[in-house]
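# Coordinates in review
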Amino acid sequence: MFRTAEDFPSGKVGMAVAEAERTYRIRPYDRLTVEVFTNSGERIIDPNFELYETGENGEHRLLEYTVQENGMVRLPVVGELEVGGYTLFQADSLLKVAYSEYFVEPFVISNYVNKRVIVLGGSGGQVIPVVNQNTSVIEVLAMAGGIPMYNKAHNIRLIRGDLDDPIVQVIDLSTIEGMKSASLSVMPGDIIYVEQMARPGESIRDVAPLLSIITSVLSLTVVLLRNN
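Every chain is numbered independently, its residues counted from 1 as its sequence is written. Where totals are concerned, whole chains, interfaces and linings use all residues; where local detail is concerned, this predicted model gives features only for residues with pLDDT of at least 70, and gives and counts side-chain atom pairs only at 80 or more. To get the side-chain values, take all heavy atoms of the structure and skip hydrogens and water.

## A word on the packing of aromatic side chains
The following threshold applies: A pair of aromatic rings is counted whenever rings of Phe, Tyr or Trp (Trp by its six-membered ring) have centres within 6.5 Å, and the orientation is called stacked for planes under 30 degrees apart, edge-to-face for over 60 and tilted otherwise. The helix and strand labels rest on DSSP assignments: H or I over at least four residues marks a helix, E over at least two residues marks a strand, and numbering proceeds from the N terminus. Buried residues are those whose accessible area, probed at 1.4 Å on protein chains only, stays under 20% of the maximum for their type, while exposed residues exceed 50% and partly exposed ones sit between those limits.
For the structure on display, the rule yields 2 aromatic pairs. Here Phe37 and Phe107 contribute two aromatic rings whose centre-to-centre distance is 5.0 Å and whose plane-to-plane angle is 10 degrees, an arrangement assigned as stacked. With Phe37 in strand 2 (residues 31–38) and Phe107 in strand 9 (residues 107–112), this residue pair connects regions lying 70 residues apart in the sequence. The exposure class of Phe37 is buried, given its relative accessible area of 12%. Since its relative accessible area comes to 32%, Phe107 is described here as partly exposed.

This is how it looks when you write it as structure tokens:
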């Protein structure tokens, strides 16, 4: 592993990760936490410890709820609700309606807490839930649909840690040694970035504006020389 250069685009990567998580859809066996607030911001009283549990030091921890195979989740007060296939934002809206029967002006914040890895690149941003603690980089890429055409199998980056000062490993899946490196296990919060290659025609499009300017200048020069 090695640290990135100072010009590492942490802002762009962070935005891509946020977008991937925002559009992530809840799947069976995801584990969720649910916070319910009422009266435009007050946390509800939870005398039966249905939403929170008390730790050894007296701190309150959110309870976790597992989404069943059929997409249903059983929550305190409201019972079973179907959340499978929804984004977290959509699930919050659904839960808000459900809890409004019991609380005044509620709003809900849900999050998923199971181990997950973000895959960025040509296939778009994807959040891959990982259940097996020994899941490898190759397995995560397979779950994300593999490496799309026009993506660089020789330049896959495993990004780990704080995006302002990350640790990055470059993996080359075009070699045997690179395949060995890709067998290492992922950790919660890892980001796997697959760099895209320029597609046929993209390079021409990139330089087309410059060629147009040069052509215009040359044409103008020819006209001026003829007039002289």
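From this point, things continue past the structure.
## Structural notes on the nonpolar core
Note the threshold: Only buried Ala, Val, Leu, Ile, Met, Phe, Trp, Tyr and Cys residues count toward a nonpolar core, and they belong to the same one when joined by side-chain atoms within 4.5 Å. Contact definition: two residues touch when any of their heavy atoms are within 4.5 Å.
Within the largest apolar cluster, 29 residues are counted, with the highest numbers of intra-cluster contacts made by Leu75 and Ile191. Within the residue set of this core, elements represented by two or more residues are helix 1 (10–22), strand 2, strand 7 (72–75), helix 2 (88–99), strand 9 and strand 10 (116–120). Counting residues per element, this core draws most heavily on helix 2, at 5 residues. Once residues within four sequence positions are removed from consideration, Ile191 is found in contact with Val13, Val17, Ile118, Leu120, Arg157, Leu158, Ile159 and Leu163.

## Notes on the environment of Tyr24
Tracing the sequence through the fold places Tyr24 in the loop between helix 1 and strand 2. Since its relative accessible area comes to 4%, Tyr24 is described here as buried. Along the chain, Tyr24 and Thr87 lie 63 residues apart, while their C-alpha atoms are 5.6 Å from each other. Non-local contacts of Tyr24, meaning those with residues more than four positions away in its chain, are made with Asp30, Tyr86, Thr87, Leu88, Tyr112, Val127 and Pro129.

## Comments concerning the side chain of Thr87
Within the element layout of this structure, Thr87 appears in the loop between strand 8 (79–82) and helix 2. If sequence neighbours within four positions are ignored, Thr87 has contacts with Arg22, Thr23, Tyr24, Arg25 and Ile26.

## As for the pattern of salt bridges
Rule in force here: Definition used for salt bridges: Asp or Glu carboxyl oxygen within 4 Å of a side-chain nitrogen of Lys or Arg.
Per the counting criterion, the structure on display carries 3 salt bridges. Ionic pairing is found between Glu80 and Arg74, a salt bridge with its closest N-O pair at 3.6 Å.

## Considering unusual backbone geometry
At Val77, a position not held by glycine, the phi torsion is positive, near 75 degrees. Its identity as a non-glycine residue notwithstanding, Glu105 has a phi of 45 degrees, on the positive side. Look at Glu105 and you get exposed, because its relative accessible area is 52%.

## Brief notes about the pairing of strand 8
The condition is simple: DSSP calls a pair of strands paired once it identifies at least 2 bridges connecting them.
As defined by bridge partners, strand 7 adjoins strand 8 across 4 bridges and the pair is classed as antiparallel. Each residue of the ladder has a partner; that of Val73, found in strand 8, is Leu81. The turn joining strand 7 and strand 8, which pair antiparallel and follow one another in sequence, is formed by 3 residues; a positive phi near 75 degrees is taken by Val77.

Everything listed here is a matter of coordinates, which is why it stays silent on function.
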